Structure formats: C-alpha cells, structure tokens
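Descriptive structure summary
One letter stands for each residue in the lines below.
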Amino acid sequence: MKKLVSAGEILVEIMAERIGQSFLEPGPLIGPYPSGAPAIFIGQAAALGQPAGLIGAVGDDDFGRLNIERLRALGADVSAIAVHRGHATGTAFVTYRADASRHFVFNIANSASGLIEIDPAATKLLAGADHIHVMGSSLFSDRAIAVTLSAIEIVKAKGGTVSFDPNIRREIMQASGMRTALDHVLTRTDIFLPSGEELFLFSSAKDEKGAVDELLNRGVSCIVLKKGAAGAVYHDRHGAVALPGFAVDEVDPTGAGDCFGAAFVSFWLRGAAPADALRIANACGALAVTRKGPMEGIFPIEAVEAFIATGNSAQ
C-alpha cells in the first residue's frame, strides 16, 4: 500500500462541558483529549489499515505522551514526532455555543508544535512517502509553512500526490504568510477537500458549479466537498458523484472532517471508485461525531464496514 504522511500541530483539547459556557468565568471542563487536525487525520488513516505517519513535535510531558501513545495504538508511524524537553505540548480550549458553532483558544505556535522541522527522522519518513496531506490549520507559522512546502516538494519530486483540506479556523487565519501559503499549496494539490464555504476561498465564482469548474481548470484532479450531515459530493472532469450522510446522534463534531478526509484519501490511494471512497468517508465522519473528543470516534475498518451494513453505531 502507498504510504500517507502529514505534518503539523499535535495538541490536546480541553472542552467546556456545557453548551453556552464561556471562558470569561469559571466552569466545568473535560479532557485532555489527543488532538490536532493532522494527528486526527493520520490516526484515522492508520486505523483503516493505511500506512500513515506524522511529522510534528510535542513537549516532554503527559500531553505529549498521551498523543504519541494514542497514535501508536492506532497503528500510525510516530518516528518523526520530536519530543522537546522544556517545551509544552500544544493546547486548544473549546467552548460550544447555542448555535452549534465553536470557539477556540489555541496555544500552538508558541508550544512545542512551533518547533516542527524536517529533521533526520522526518527526512526518513518522507523518503518512504507516496502522498502528503496538508491541513490549512498546520500553516500556523513561517516555520510550519516551510516544513509543509518542503514536504510537498519532496513527495512531488518522486511522483507522489497531495491532498489539501483548508480546515481554516478564524482564530488562526491571521497567522503570518498563511494566505500566500494556502494559495501555493492549492497549485500542488491533487485532491481538494473543502467544507461548505471553504470551496469559495480560492475561487471568484458565486455558485458551487462555477467554483468547482474553476478549480478543476486550475489543475486540481478532484474536489470532495464535505457537507456535514448532508454527506459529500465528489467532482472531477468526468462528472460528479453525491452520497448522503449517515444519520447518527451527534455528541461532538470535532474531528469529523479530518476522519472523513482520512478515509477518502486512504481509499483513493487504493484505487477505490469515488462512490466507494465516499461511502467509507461518510461513515467515518458520522462515527466521529458519536463520541466526545476529537479522536475518540476513530474506528477500524471492520467496525466502519459493520456500521455501513447495519446502520448502527460501532461499539
């Protein structure tokens, strides 16, 4: 199988227990949960049996160990996750609003994640990589951008492929060089995985078809538009395939898009038909929201297939 690699932030999430809770006053919290968009992605891919590894950095602390051990347990290659003594692992504190939106307080760039680099371990991991996945959230600093762009060129030089999920958080959109970096990544992208309005981040079009056509004409091989509970639509130059989502009781939406993307890319790399890759991806996205915590809803392929067959949540 082809090896899938990503690079970026590794952190823990600590969540408000009550909807409508604010960080402007004391309140109950739950966590820590292992997290970070590229970590969730790689964890889900590994759980599906895809060879997958992550380039990143954590502190020499319990939060770092929590993340490394979770990824290792899921089957991911953790050899390129550097551990830095004297630096804290990244954190994200999350509140949930009544309108279903979320508010984040991040410490990423100034955490151990900010020390990410292409060191010898990362170089070795990339030497065996066939595909690089980029999360927009991972372009959080000039250093992180340099690592991502370097990884893309290493993989592309070997004839490998790139997938790109904008995954933009308002809280980090002002990071230095992010917009320029996002535009550059798109020029190297084979699979574009936007959610909702992210489709229009790189297009002047006002409607979905116009935006899709513009992006395909710019060289993207395929676009997979995530639509949450409504499912997803695959577009390429030959047409479109749409599949509805699975009905589940939502507990926590965090990480659902990352799990969806990991499943789609993994099966795309295996040569699956778009409809088959979408079906697995929709199932992984649905299962992800049935557990509290970004990586708690990651399941192996056997459980995902059982969920698809029965319509029941995996246990």
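The name given to the chain in an unreviewed UniProt entry is Sugar/nucleoside kinase (Ribokinase family), with Mesorhizobium robiniae as the source organism. Its UniProt record gives the chain the following Sequence similarities (unreviewed entry) comment, quoted word for word: "Belongs to the carbohydrate kinase PfkB family."

Helix and strand counts for the chain come out as nine helices and 13 strands. Its C-alpha atoms give the chain a radius of gyration of 18 Å, within 12% of the compact-globule value 20 Å for 315 residues. Expressed as lengths along the three principal axes of its C-alpha atoms, the size of the chain is roughly 50 × 45 × 40 Å. Within the chain, the proportion of its 315 residues that are buried is 54%. For the chain, the proportion of contacts with a sequence separation of at least 24, taken over those separated by at least 6, is 72%. Carbon and sulfur atoms form 53% of the exposed surface of the chain, whose accessible area is close to 12700 Å². On the chain, the mean spot of the 27 positive side-chain charges and the mean spot of the 34 negative ones are 3 Å from each other.

In this section: the sheet that holds strand β9 (residues 161-165). Pairing is mixed in the open sheet, where nine strands are placed in the order β5-β4-β1-β8-β9-β10-β11-β12-β13. Lying at the two open borders of the sheet, with one neighbouring strand each, are β5 (81-84) and β13 (239-243). Across four bridges, the pairing between strand β4 (residues 52-59) and β5 is parallel. Opposite Ala57, over in β5, you have Ala82 as the bridge partner.

All right, on to the sheet that holds strand β7 (residues 102-107) then. Pairing in this open sheet of four strands is mixed, and the strands run β3-β2-β6-β7 from one edge to the other. One side of each edge strand has no neighbouring strand; the edge strands of this open sheet are β3 (29-35) and β7. Shown here is a sheet whose adjacent strand axes are inclined to one another by a mean of 20 degrees, direction ignored. With five bridges connecting them, strand β2 (residues 11-16) and strand β6 (residues 90-96) associate as parallel partners. Note on β6: the bridge partner recorded for Val12 is Thr91. On the sheet, helix α2 (residues 62-74) packs against β2, β3 and β6 and is oriented at approximately 55 degrees with respect to β3.

For β6, a buried count of six out of seven residues is recorded, marking the element as mostly surrounded by other parts of the structure. Across six bridges, the pairing between β6 and β7 is antiparallel. By the bridge assignment, Ala92 is partnered in β7 with Phe106. Hairpin remark: β6 followed by β7, antiparallel, with five residues in the connecting loop; positive phi at Ala100, about 80 degrees.

Cut-offs applied
- Residues numbered from 1 in each chain as written.
- Predicted model: local features only at pLDDT ≥ 70, side-chain atom pairs only at ≥ 80, totals over all residues.
- Heavy atoms only, no water.
- UniProt positions renumbered as here; feature names shortened; annotations may be inferred.
- Helix = DSSP H or I, 4+ residues; strand = E, 2+ residues; numbered from the N terminus.
- Rg over C-alpha atoms; globule rule 2.2 N^0.38 Å.
- Buried < 20%, exposed > 50% of the residue type's maximum accessible area, 1.4 Å probe, protein only.
- Contact = heavy atoms within 4.5 Å.
- Areas by Shrake-Rupley, 256 points an atom, 1.4 Å probe, with all protein chains shown as cover.
- Lys, Arg positive; Asp, Glu negative; His and termini not counted.
- Charge placed at Lys NZ, Arg CZ, Asp CG, Glu CD.
- Pairing = 2+ DSSP bridges.
- Axes fitted to C-alpha atoms, helices over the stretch in contact; angles between N-to-C directions.

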